[in-house]
Every structure is written in C-alpha cells, then in structure tokens.
Amino acid sequence: MSNPRRRRARRARWRRVAAALLAGVAALVTLSAITRDRVPPPGAATVVTARALAAGSVLGASDVEVIEVPARVRPERAFPTADLVVGQVVSSAVDAGEVLTPSRLVGADLLAGQPAGRVAMAVPVLDVHATGARAGSHVDLYTTGSGAQAASNVVVLSVSGNGNGNGTPSGSTWGQGAPTQLTLALTPADAAQVAKHLSALGAGEDFVVALRPGGA
C-alpha cells in the first residue's frame, strides 16, 4: 500500500475513533443532565398529621410527623417542628397527611379580634371557593336539603380543604382531598342553631354559603 493510501486509512481510523469518543461524551453529558433533573427540589421541614383526627382532638406526639415539603407548595405559615403543635386542639376534622397551620388549630389567634363570647365552629360546605369566601368574610349559611337559613352575617375564621364539600375528595396531596370546611365565629345561640341544622342534614347534604358584599 502506498504511503498516501496508508495516510488516508490512518486518518479514516482516527476519524472513526474521534467520532466514537464524541458520541460517548455526548451520552455522558445527556445522562448527567437527566440525573440532575431527577434530583428532587429542596424541601423544608413541615409538620403534618400522622392520621385522621376529629374536630376538637388534642394533638399528641404520635398524631403528627415532620416531613420535607417543597417550598413551592408549602404553606407560608406551616409549622417546622412538632413541639409547636403538640398539646393544641384542631379546629376541624383533618385527614392524615394534612399540613398544619395556625388556622387549623383552636387558639387565641383564631378568635383574636372577635367580640367576647364568640366560639369557633367548623361546618362542611359546598362550592365555597366559587363564592370567594375567605378568612374575614361575612356570610350567610343555608342547608342544601331544606334551604333553611342556619346562620346570618357570621364571620369566617378559616377555610380548609379543597374537596367538593360532600366527602368526595378532589385531590390527594397533603390533605388536599379533605371536604371543604368553614370555621365560623358564632355566638353560642348561633352555634346551637347551626348544630341543630347540622344534625338534620341527610346523606350527601352540606351547607351552602352566601357571601355578603363588602364584608358586612
């Protein structure tokens, strides 16, 4: 074989070797990018319920656990350590895995600013998010069965859960499937009236809320 032919053959071999090396480097870069993308985002310590609890339950150490929750979905007022909630009382029923925030607990902050003698009471409601009701709103409360008014011009203390209000979950992450509940500030007389209507609700029935304009 002449020298020019040998040089051409060597160059061809080197080109094949270089191409193989470049392909290997590209594969490594791609694999590294995929691996990097699969690393979960950093989370923050967050207290969640370890099991379902009824409204009024006193939280014990075994009722809660601390998990890492990504910052983009972690409520701003979530508790970072269990000692901040142990011994406190939940204001409404909670499912296992729900993130605990001050609005989910009965305490001075829940009824702060309300007239003396008010009590906090949680009730299941339908479609509350469509009305725009939130903490501080003034609402009227009606039963879905009879249409009777259960309460008039009462203050919303908190809104919890994203379900449709009749026990059918609409989500599944950190308690998002819980039926929607309103915690209301009521006089003892109003609370007794709401409790009567609550006990009379049939299967699949809840309350509906009517939002009063201007928070009045």
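Above: the structure in question.
First things first, this report covers the structure right here in the doc.

**Digging into the overall build of the protein chain**
Right, on to step 1. Secondary structure summary: the protein chain contains four helices and nine strands in total.
Right, on to step 2. Along the protein chain, from the amino end to the carboxyl end, the secondary structure elements read α-β-β-β-β-α-β-α-β-β-β-α-β.
Right, on to step 3. Per-residue burial over the protein chain gives 32% buried out of 216 residues.
Right, on to step 4. Intrachain contacts of the protein chain at a sequence separation of at least 6 include 64% that bridge at least 24 residues.
Right, on to step 5. Carbon together with sulfur atoms contributes 57% to the accessible area of the protein chain, which is approximately 12,100 Å² in total.

**Regarding the pairing of strand β8 (residues 181–186)**
Right, on to step 1. Along β8, six of the six residues are buried, which leaves the element largely enclosed by surrounding structure.
Right, on to step 2. Here strand β5 (residues 119–126) pairs with β8 via six bridges, running antiparallel. Bridging from a neighbouring strand, Val-119 pairs with Leu-186 of β8.
Right, on to step 3. Direction of pairing for strand β7 (residues 149–160) relative to β8: antiparallel, over a ladder of five bridges. Counted as the bridge partner of Val-155 is Ala-185 from β8.

**Topic: the sheet that holds β8**
Right, on to step 1. Pairing is mixed around the closed barrel formed by five strands, whose spatial order is β5-β8-β7-β6-β9. Averaged over all neighbouring strand pairs, the angle between strand axes comes to 55°, with direction disregarded.

**A short note on the nonpolar core**
Taken as a class, soluble globular proteins show a tendency for nonpolar side chains to be buried jointly.
Right, on to step 1. Of all hydrophobic cores here, the largest spans 19 residues; its most connected members are Val-123, Val-125, Leu-141, Leu-182, Leu-184, Val-194 and Phe-207.
Right, on to step 2. For this core, the elements supplying multiple residues, two or more each, are β5, β6 (138–143), β7, β8, α4 (188–200) and β9 (207–211).
Right, on to step 3. Take this core: its biggest share by element is four residues, from β7.
Right, on to step 4. Among residues more than four places away in sequence, those in contact with Val-194 are Met-121, Val-123, Leu-141, Ala-150, Ala-151, Leu-186 and Phe-207.
Right, on to step 5. Counting 10 residues, the second largest nonpolar core, distinct from the first, contains Val-47, Val-85, Val-90 and Leu-100.

**Overview of unusual backbone geometry**
Right, on to step 1. Although it is not a glycine, Asn-153 adopts a positive phi angle of roughly 50°.
Right, on to step 2. Mapping Asn-153 onto the fold places it in strand β7.

**Re α4**
Right, on to step 1. The end-to-end C-alpha distance of α4 is 19 Å, a good match for the 18 Å that 13 residues give at a rise of 1.5 Å each.
Right, on to step 2. Of all the positions in α4, only Ala-191, Val-194 and His-197 are classed as buried. The arc enclosing the buried residues of α4, seen along the axis, measures out at 125°, which places them on a common side. For α4, the exposed residues lying more than 90 degrees away from the buried face are Pro-188, Ala-189, Lys-196, Ser-199 and Ala-200.

**What about the pattern of salt bridges?**
Side-chain pairs of opposite charge can arise whenever the charged atoms involved come near each other.
Right, on to step 1. In total, this model carries three salt bridges according to the counting rule given.
Right, on to step 2. The partner of Arg-104 in a salt bridge is Glu-98, with the nearest N and O atoms 2.8 Å apart. As far as burial versus exposure is concerned, Arg-104 and Glu-98 are alike and both buried.

**Looking at the environment of Leu-141**
Right, on to step 1. Relative to the assigned elements, Leu-141 resides in strand β6.
Right, on to step 2. For the pair Leu-141 and Val-194, spaced 53 residues apart in the sequence, the C-alpha separation amounts to 8.6 Å.
Right, on to step 3. The contact partners of Leu-141, leaving out residues within four places of it in the chain, are Val-123, Val-125, Ala-148, Gln-149, Ala-150, Ala-151, Leu-184, Val-194, Phe-207, Val-208 and Val-209.

**Let's talk about the environment of Ala-96**
Right, on to step 1. Its place among the elements puts Ala-96 in the loop between β3 (89–90) and β4 (105–106).
Right, on to step 2. For Ala-96, a relative accessible area of 45% corresponds to the partly exposed category.
Right, on to step 3. C-alpha of Ala-96 to C-alpha of Ala-52: the two residues are 44 residues apart in sequence and 4.5 Å apart in space.
Right, on to step 4. In contact with Ala-96, not counting residues within four places along its chain, are Thr-49, Ala-50, Arg-51 and Ala-52.

**Concerning the side chain of Thr-101**
Right, on to step 1. Tracing the chain through its elements places Thr-101 in the loop between β3 and β4.
Right, on to step 2. According to the relative accessible area criterion, Thr-101 is buried, its value standing at 12%.
Right, on to step 3. Excluding residues that lie within four positions of it along the chain, Thr-101 makes contacts with Pro-75, Arg-77, Ala-78 and Phe-79.

Definitions and cut-offs
- Residues numbered from 1 in each chain as written.
- Predicted model: local features only at pLDDT ≥ 70, side-chain atom pairs only at ≥ 80, totals over all residues.
- Heavy atoms only, no water.
- Helix = DSSP H or I, 4+ residues; strand = E, 2+ residues; numbered from the N terminus.
- Buried < 20%, exposed > 50% of the residue type's maximum accessible area, 1.4 Å probe, protein only.
- Contact = heavy atoms within 4.5 Å.
- Areas by Shrake-Rupley, 256 points an atom, 1.4 Å probe, with all protein chains shown as cover.
- Pairing = 2+ DSSP bridges.
- Axes fitted to C-alpha atoms, helices over the stretch in contact; angles between N-to-C directions.
- Core = buried A, V, L, I, M, F, W, Y, C linked by side-chain atoms within 4.5 Å.
- Expected span 1.5 Å × (residues − 1).
- Arc of directions from axis to C-beta.
- Salt bridge = Lys/Arg side-chain N within 4 Å of Asp/Glu carboxyl O.

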